[in-house]
Amino acid sequence: MIELEGVPELIDPVMVAAFEGWNDAGDAASTAVEHLEREWKGEVFAALDAEDYYDFQVNRPTVFMDGGVRKITWPTTRLSVVRVGGDKPRDLVLVRGIEPSMRWRSFCNELLGFAHELGVELVVVLGALLGDTPHTRPVPVSGVTSDPDLARRMDLEETKYEGPTGIVGVLQEACTHAGVPAVSLWAAVPHYVSQPPNPKATLALLNRLEDLLDVRLPLGELPEDARAWQVGVDQLAAEDSEVAEYVQTLEEARDTAELPEASGEAIAREFERYLRRRDGGPPGGHATAEGGEGGSYLRDNPGGRSRPAKPPRPDAAEGDDQDQGDSAED
């Protein structure tokens, strides 16, 4: 039994988790949770014992100076709580860590123990994968669950994926078997510009999380960072004709695939989201969002600071990128 001290009784708590590593292309998912911790000034109330789950030759501890004293930070997974204000306040339990090196079942059981003690009603795990998506288009974010009833209620995709998985897929299944509703949100990161950070993908995950939970999240400077990221990638791609041609091919494929979605109903849904965010007032929480509401609707027009890699040859092996792309169904 996990006993928590110093944590107040929570209101309709939702656990939002992200893990660095295989399920975190461009660091988009872990950065999203880190952003919420920073904007809301979340205070860590628990941390998992690093000795139990991490290989320190894979995830090295770091040494730092604190007032002239050398200290060590160990790789681990930490939990914090923040309160979302507004007409219907609720609490978010933020989980941010590194994909464990071992004892995954024990790792998930320990997180579920915290969820049980805190009365968590829903677990949302954020992930990011490499995909054939152009950086010039809105970031695709898919929501999947193993629960068919939850899929219908929350307009999610019921996962049918089979194959290698990461801690996101394992934790989601552990939640399902424990009777805890669980959802994973996946952002697709262009594989030709996979270097972190990717603020555009982080912003897309947070916007999708807003819609899923029907809460307002502080976006801070993310919209501006996303714009700068896209402008930077635009400039770098323009310097390489092969990359520019490849991006154009991806754009044409994406636009053709999405043509049926350009319907009156789809446009009406997006306009409703715009009105809800515009009229809802500033987001609640322990810190206010900087940059105002207007920034949240610039999320589909942003860019990068690192040179995109050459597009893969058609005959190149799919390798790890394809494995990671497949895991989105998890």
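These numbers were taken from a predicted model, which means no experiment stands behind them.

### A short note on the packing of aromatic side chains
Remark: the centre distance and the inter-plane angle together describe each pair of aromatic rings, the angle taken between the planes. For the structure on display, the rule yields five aromatic pairs. For the ring pair F19 and F107, a centre distance of 5.7 Å and an interplane angle of 65 degrees mean the geometry is edge-to-face. A residue pair is termed long-range when its members are at least 10 positions apart, and F19 in strand β1 (residues 14-20) and F107 in helix α3 (residues 104-118) qualify at 88 residues. Here the two residues F19 and F107 agree in accessibility, since each one is buried. With 6.1 Å between their ring centres and 85 degrees between their planes, Y192 and Y246 make a pair best called edge-to-face. You can see Y192 sitting in the loop between β10 (182-190) and α6 (199-213) and its partner Y246 sitting in helix α8 (residues 241-258), a full 54 residues away along the chain.

### Brief notes about the sheet that holds β10
Strand order in the open sheet made by the eight strands is β2-β5-β6-β1-β7-β10-β8-β9, with mixed pairing throughout. At either margin of the open sheet sits one strand with a lone partner, and together these are β2 (43-47) and β9 (157-158). Bridge analysis of strand β8 (residues 141-145) against β9 gives two bridges, and the strand direction is parallel. The residue bridging T145 from the neighbouring strand is E158, located in β9. Contacting β1, β5 (78-84), β6 (90-98) and β7 (122-131), helix α1 (residues 28-40) crosses the sheet at an angle of about 130 degrees to β6. Here helix α5 (residues 167-177) sits on the sheet and contacts β1, β7, β8 and β10; the angle it forms with β10, its principal contact strand, is near 165 degrees.

### A look at a nonpolar patch on the surface
A surface patch of nonpolar side chains, amounting to about 290 Å² of accessible area, comprises V63, I72 and W74. Its location among the elements puts V63 in strand β3 (residues 62-66).

### Section: α5
Among all positions in α5, only I167, V168, G169, L171, Q172, A174 and C175 are buried. On its buried side, α5 packs onto β1, α3, β7, β8 and β10.

### Considering the nonpolar core
One finds L92, V124, L126 and L213 to be the most contacted residues of the largest nonpolar core, which totals 39 residues. Elements supplying a minimum of two residues to this core: β1, α1, β5, β6, β7, β10, α6 and α7 (222-238). In terms of residue count, α6 provides more of this core than any other element does, eight residues in total. If near-sequence neighbours (up to four positions away) are discounted, V124 is found in contact with V14, M15, V16, A17, V183, L185, L209, L212 and L213. V81, F107, F114 and V123 belong to the second-largest nonpolar core, a separate cluster that totals 36 residues.

### Here's the deal with the pattern of salt bridges
Counted by the stated rule, this structure contains nine salt bridges. The residue R96 makes a salt bridge to E37 at a minimum N-O spacing of 2.9 Å. Residue R96 is found in strand β6, and its partner E37 is found in helix α1; the two are separated by 59 residues along the sequence. On the basis of relative accessible area, R96 is assigned to the partly exposed category, the value being 27%. By relative accessible area, E37 is classed as buried at 11%.

### A closer look at α3
Between its first and last C-alpha atoms α3 spans 21 Å; for 15 residues at 1.5 Å apiece the expected length is 21 Å, and the two agree. Taken together, the buried positions of α3 are occupied by F107, C108, L111, L112, G113, F114, A115 and L118. Of the surrounding secondary structure, the elements contacted by the buried residues of α3 are β1, β2, α2 (50-53), β5, β6 and α5. G119 occupies a position one or two residues after α3 and carries a positive phi of about 75 degrees.

### Here we look at the environment of P61
With respect to the helices and strands, the residue P61 is situated in the loop between α2 and β3. With a relative accessible area of 31%, P61 lands in the partly exposed category. Along the chain, P61 and T76 lie 15 residues apart, while their C-alpha atoms are 9.5 Å from each other. Contact partners of P61, with chain neighbours within four places excluded, come to F56, I72, T73, W74 and P75.

### Considering the side chain of S30
One can find S30 in helix α1. A polar contact of 3.5 Å, which involves the side chain of S30, links it to the backbone oxygen of D27. Not counting the four nearest positions on each side in its chain, S30 is found in contact with A18, E20, D24 and R96.

### Brief notes about the pairing of β5
In terms of burial, β5 is a largely internal element, five of the seven residues being buried. In the sheet, β2 pairs with β5 via four bridges, with the strands oriented antiparallel. Along β5, the bridge assignment pairs E43 with V81. In the sheet, β5 pairs with β6 via seven bridges, with the strands oriented antiparallel. Looking across to β6, one finds that R83 is bridged to D91. Two successive antiparallel strands, β5 and β6, enclose a turn made up of five residues, where G86 displays a positive phi of approximately 110 degrees.

What counts and what doesn't
Residues numbered from 1 in each chain as written. Predicted model: local features only at pLDDT ≥ 70, side-chain atom pairs only at ≥ 80, totals over all residues. Heavy atoms only, no water. Phe/Tyr/Trp six-rings, centres within 6.5 Å; stacked < 30°, edge-to-face > 60°. Helix = DSSP H or I, 4+ residues; strand = E, 2+ residues; numbered from the N terminus. Buried < 20%, exposed > 50% of the residue type's maximum accessible area, 1.4 Å probe, protein only. Pairing = 2+ DSSP bridges. Contact = heavy atoms within 4.5 Å. Axes fitted to C-alpha atoms, helices over the stretch in contact; angles between N-to-C directions. Patch = residues over 30% accessible without salt bridge, like charges linked within 9 Å, V, L, I, M, F, W, Y side chains within 5 Å. Areas by Shrake-Rupley, 256 points an atom, 1.4 Å probe, with all protein chains shown as cover. Salt bridge = Lys/Arg side-chain N within 4 Å of Asp/Glu carboxyl O. Core = buried A, V, L, I, M, F, W, Y, C linked by side-chain atoms within 4.5 Å. Expected span 1.5 Å × (residues − 1). Polar contact = N/O pair within 3.5 Å; in protein donor to acceptor, adjacent residues only side chain to side chain.

Taken by themselves, the reported measurements are silent on function.
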